[in-house]
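Below, each chain spelled out in residue letters.
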Amino acid sequence: QVQLVESGGGLVQAGGSLRLSCAASGSVFSINAMGWYRQAPGKQRELVATITSGGYTNYADSVKGRFTISRDNARNTVYLQMNSLKPEDTAFYYCNAGFRAYSGRSGSSWGQGTQVTVSS
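The structure contained in this document is the topic of the report that follows.

Of note in the backbone geometry, Asn 76 takes a positive phi value of approximately 50° without being a glycine. Mapped onto the fold, Asn 76 is located in the loop between strand S7 (67-72) and strand S8 (77-82). One non-glycine residue with positive phi stands out, namely Ser 84, at about 50°. Structurally, the position occupied by Ser 84 is in the loop between S8 and strand S9 (91-100).

Position of Asp 89 among the secondary structure elements: in the loop between S8 and S9. Residues Asp 89 and Arg 66, 23 residues apart in the sequence, show an inter-C-alpha distance of 11 Å. Asp 89 has contacts with Arg 38, Arg 66, Phe 67, Ser 84, Val 116 and Val 118, leaving out every residue within four places of it along the chain. Side-chain polar atoms of Asp 89 contact the side chain of Arg 66, separated by 2.7 Å.

The next thing to look at is the pattern of salt bridges. Counting across every chain of the model gives 5 salt bridges. Lys 64 is paired through a salt bridge with Asp 61; the nearest N and O atoms lie 3.1 Å apart. Pair check on accessibility: Lys 64 and Asp 61 agree, each one exposed. Two residues, Asp 72 and Arg 75, come together in a salt bridge whose shortest N-O distance is 3.2 Å. Its relative accessible area of 59% is what places Arg 75 among the exposed residues. Through salt bridges that share partners, Arg 38, Glu 46, Arg 66 and Asp 89 make up one connected network.

The rules behind each value
Residues numbered from 1 in each chain as written. Predicted model: local features only at pLDDT ≥ 70, side-chain atom pairs only at ≥ 80, totals over all residues. Heavy atoms only, no water. Helix = DSSP H or I, 4+ residues; strand = E, 2+ residues; numbered from the N terminus. Contact = heavy atoms within 4.5 Å. Polar contact = N/O pair within 3.5 Å; in protein donor to acceptor, adjacent residues only side chain to side chain. Salt bridge = Lys/Arg side-chain N within 4 Å of Asp/Glu carboxyl O. Buried < 20%, exposed > 50% of the residue type's maximum accessible area, 1.4 Å probe, protein only.

Below is the structure:
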């Protein structure tokens, strides 16, 4: 199993920036794709961005050009740099990581989430 701890959320004015971090720990064979998802009140959880262990990235259309996902494989940490934030970016942001255990079993873990609030 992989444990994920997010940090970096907070309150920011529209147009501002925040950087989220998510550190993964646990005894597994490999950590594969990592990503960020968000959930606003009354809405379903949605994908924000993902990144593979090889560095391939994927973004939701709503954040392309404003958000950048990156990872440090040596530290098992994924980052989300959020620029030009908008009030509609307000949500709880969750980190996700896919992994393969030494047993060969594949799994997915979620962090506890961090709140991002963008004021207008």
